[in-house]
Amino acid sequence: MLKKQLRSISSLLTSIGLIGMCVGMTSTLLSLRATIEDFGTLVTGFIMSAYFIGFLFGSTRAPKDIRRVGYIRSFGGLAALAAFSVLVQSIWVDPVVWFVMRFVTGFAISGVFVIAESWLNTMADNRSRGILLSIYLVIIYSGLIGGQLLLGVADPAGFVPFAIVALLINLALIPILVSVTVEPTTHDNKKVPIRLLLKTVPLGVVSLFIMQACYAMFYGIGPMYASYIGLSVVQVTFFMSSFILGGLISQAPFGLLSDRIDRRLVITICAMGGAVAAFILSQLGSGNVNLIYLAVGILGAFILPLYSLGMAHTNDYLEKDQMVGATGAIIKISGAGSIIGAPSVAALMQFGAIHFFFLLLGVLTAFVGLYSLYRITRRAKAEEQLHSNFAVLAPAQISDELLTSMAEELPDDEEKEDDAAISGSAVLKR
């Protein structure tokens, strides 16, 4: 049965693997190119945050476009838009242009993930959804690693790496455009305001907000930090790849462990382990390259699973009809964290010192660990932990149920739709 389902979504997984390569390559490429162009850490931080603003906008607006033109055409249009934005950045190397185009890239990629996860969840059933999502996640992370390594063969100061990204995006169109999609079904779900979520599961809200901020810091400013301490372009790609590889290896073990013991204890272990690794990295220079690779791999192994653990912990304390609405709230919470993450650490590095990069990351993850430990003393373990939640990891992923939920909430009137989108985006400016 599983083999049959995998065959039916093989084209989707192939396309998403290529998109993952593009996402991984682009973030590092832009950070390195910004360093070469001497944009400065603060400006680069704002440019990188534009991606997450666009991602949040795209996840809100994409369902309406999908309803109008369908999944296949939406995928094709959004992928073309992403390729366009990358090529524009290669032609006009300007901070303002890059900010706008980074926003466009985030908008397009978020829509691609909406389509991909809707398709995948529609093809899965309750017996196979967990393993299919895990396979999906492994392919995304593998693509991210491949993108980092691919950048090592091209000079970020030239046009070639941008062209490679655009070519890969267009190549990703081929498998999915020759496949047949399945429309997701609709469900009745309760709305879950952020205030209610914060009252019901404060640890989930805090950990998701902080960890998404940390991820944005690392993906957006990490390559710049590595360049500043003296690593070459090839070494920077290994630096970033080691981080992702660590998370790829540890994701399933930590997720399975969290199903067997109190999930909050696993969150504490991961956060404190990540904090220790971050503090060690803050003291390492380019003369310890292999040690840096090892430490950053350990950092990724500890902190990358924290997003899925936080998501799983949140769902442990919710009713089934609240989970979809809660996912929408979580997207807003984690999106806000992503938007402020890169500019915050960039400002700290600009007006302080370079080593503050890992110091801030360590302080934030340590706070998550200590707060999780505190919550253990304040509340009993959930009666039943949901065994498949940890599989839905990749930050910036959206399920088909969330897609349906957002689609149902979209107003029929065009003007009201636009106003609703603008109102929703205001949440990001807090």
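Residues numbered from 1 in each chain as written. Predicted model: local features only at pLDDT ≥ 70, side-chain atom pairs only at ≥ 80, totals over all residues. Heavy atoms only, no water.

(A) Up close: the overall build of the chain. When helices and strands are counted, the chain shows 17 helices and 0 strands. Counting all 430 residues of the chain, 59% fall into the buried class. Contacts in the chain between residues far apart in sequence, at least 24 positions, make up 88% of those at least 6 positions apart. Element-wise, carbon and sulfur atoms account for 65% of the exposed surface of the chain, whose accessible area totals about 17,000 Å². (Helix = DSSP H or I, 4+ residues; strand = E, 2+ residues; numbered from the N terminus. Buried < 20%, exposed > 50% of the residue type's maximum accessible area, 1.4 Å probe, protein only. Contact = heavy atoms within 4.5 Å. Areas by Shrake-Rupley, 256 points an atom, 1.4 Å probe, with all protein chains shown as cover.)

(B) Representation of the nonpolar core. With 112 residues, the main nonpolar core has Phe 218, Phe 239, Phe 243, Leu 299, Leu 306 and Phe 358 as its most contacted residues. The dominant element in this core, judged by the number of residues it contributes, is helix H9 (residues 202–228), at 15 residues. (Core = buried A, V, L, I, M, F, W, Y, C linked by side-chain atoms within 4.5 Å.)

(C) Broad picture of the packing of aromatic side chains. In the structure shown here, the tally under the stated rule is 20 aromatic pairs. Each ring, one from Phe 218 and one from Tyr 219, has its centre 6.4 Å from the other, and the planes form 85 degrees; the classification is edge-to-face. The same class applies to Phe 218 and to Tyr 219, which are both buried. Counting every residue linked through ring pairs, the aromatic cluster contains Phe 218, Tyr 219, Tyr 225, Phe 239, Phe 243, Phe 357 and Phe 358. (Phe/Tyr/Trp six-rings, centres within 6.5 Å; stacked < 30°, edge-to-face > 60°.)

(D) Up close: the pattern of salt bridges. Inspection of every chain in the model, using the stated rule, returns 2 salt bridges. Two residues, Arg 33 and Glu 37, come together in a salt bridge whose shortest N-O distance is 3.0 Å. Among the residues examined, Arg 33 registers a relative accessible area of 7% and is labelled buried. Owing to a relative accessible area of 33%, Glu 37 belongs among the partly exposed residues under this scheme. (Salt bridge = Lys/Arg side-chain N within 4 Å of Asp/Glu carboxyl O.)

(E) Spatial organisation of empty space enclosed by the protein. All told, the structure shown has 3 cavities of 30 Å³ or more when counted by the stated rule. In terms of lining, the second largest cavity is formed by Cys 22, Val 23, Thr 26, Tyr 51, Ala 82, Val 86, Arg 102, Thr 105, Ile 109, Val 165 and Ile 169. Going through the elements one at a time, helix H2 (10–36), helix H4 (71–91), helix H5 (95–123) and helix H7 (160–177) are the ones with two or more residues in the lining of the second largest cavity. Of the residues assigned to the lining of the second largest cavity, the class counts are 8 nonpolar, 2 polar and 1 charged. (1 Å grid on protein atoms, 1.4 Å probe; cavity = no way out; pocket = protein on both sides within 12 Å on 5 of 7 lines; lining within 4 Å. Points joined across faces, edges and corners; volume = space filled by probe spheres on them. Nonpolar A, V, L, I, M, F, W, Y, C, P; charged D, E, K, R; others polar.)

(F) Molecular detail of helix H10 (residues 233–260). Between its terminal C-alpha atoms H10 stretches 42 Å, which fits the 40 Å expected from 28 residues at 1.5 Å a residue. The sharpest bend along H10 comes to roughly 40 degrees, located at Ser 250, with the proline Pro 253 sitting one to four residues further on. (Expected span 1.5 Å × (residues − 1). Bend = angle between axes of the 7 residues up to and from the residue.)

(G) Seen up close, the confidence of the model for the chain. Averaged over all residues, the pLDDT of the chain is 77; the fraction at 70 or higher stands at 77%. Ignoring residues within four places in sequence, the model shows residues 183–187, a span with pLDDT below 50, making 13 contacts including any to other chains. (pLDDT = per-residue confidence, 0-100.)

(H) Geometry of the side chain of Ser 110. Tracing the backbone shows Ser 110 in helix H5. If near-sequence neighbours (up to four positions away) are discounted, Ser 110 is found in contact with Gly 54, Phe 55, Gly 58 and Ser 59.

(I) View of the side chain of Thr 314. Among the structural elements, Thr 314 can be located in helix H13 (residues 305–316). For Thr 314, a relative accessible area of 1% translates into the label buried. A distance of 2.8 Å separates a polar side-chain atom of Thr 314 from the backbone oxygen of Gly 310. In contact with Thr 314, other than residues within four places in its own chain, are Leu 197, Val 201, Gly 204, Leu 208 and Ile 330. (Polar contact = N/O pair within 3.5 Å; in protein donor to acceptor, adjacent residues only side chain to side chain.)

(J) Focus on the environment of Val 97. With respect to the helices, strands and loops of the structure, Val 97 is situated in helix H5. As a C-alpha pair, Val 97 and Ser 85 span 12 residues in sequence and 9.6 Å in three-dimensional space. Setting aside chain neighbours within four positions, we find Val 97 in contact with Val 88 and Trp 92.

(K) Representation of helix H15 (residues 356–378). With 23 residues, H15 should reach 33 Å at 1.5 Å per residue; the first-to-last C-alpha distance of 33 Å fits that figure. Of all the positions in H15, only Phe 357, Phe 358, Leu 361, Gly 362, Thr 365, Ala 366, Val 368, Gly 369, Tyr 371, Ser 372 and Arg 375 are classed as buried.

(L) Geometry of the packing of helix H12 (residues 289–303) against H13. Close contact between H12 and H13 brings their axes to 5 Å; oriented N to C, the two are set at 10 degrees. Between H12 and H13, the crossing angle belongs to the class labelled roughly parallel. Within the contact between the two elements, H12 uses Gly 300, Ala 301, Phe 302 and Ile 303 and H13 uses Pro 305, Leu 306 and Tyr 307. (Axes fitted to C-alpha atoms, helices over the stretch in contact; angles between N-to-C directions. Parallel < 35°, antiparallel > 145°, perpendicular 65-115°, else oblique.)

(M) Spatial organisation of the environment of Phe 351. Along the chain, Phe 351 falls in helix H14 (residues 323–351). For the pair formed by Phe 351 and Thr 41, sequence separation is 310 residues and the distance between their alpha carbons is 9.6 Å.

(N) Layout of the packing of H10 against helix H11 (residues 263–281). Interaxial distance between H10 and H11 falls to 7 Å at its minimum, and their mutual angle equals 145 degrees. Packed against H10, whose contacting residues are Phe 254, Leu 257, Ser 258 and Asp 259, the element H11 presents Arg 263, Val 266 and Cys 270 at the interface. Split by residue class, the contact of H10 with H11 holds 4 nonpolar, 1 polar and 2 charged.

(O) Main features of a nonpolar patch on the surface. On the surface, a cluster of nonpolar side chains totalling about 350 Å² of accessible area is made up of Phe 46, Val 96, Phe 99 and Val 100. Of all the elements, H5 adds the most residues to the nonpolar patch, at 3 residues. Its location among the elements puts Val 96 in helix H5. Residue classification places Val 96 among the exposed residues on the basis of a relative accessible area of 57%. (Patch = residues over 30% accessible without salt bridge, like charges linked within 9 Å, V, L, I, M, F, W, Y side chains within 5 Å.)

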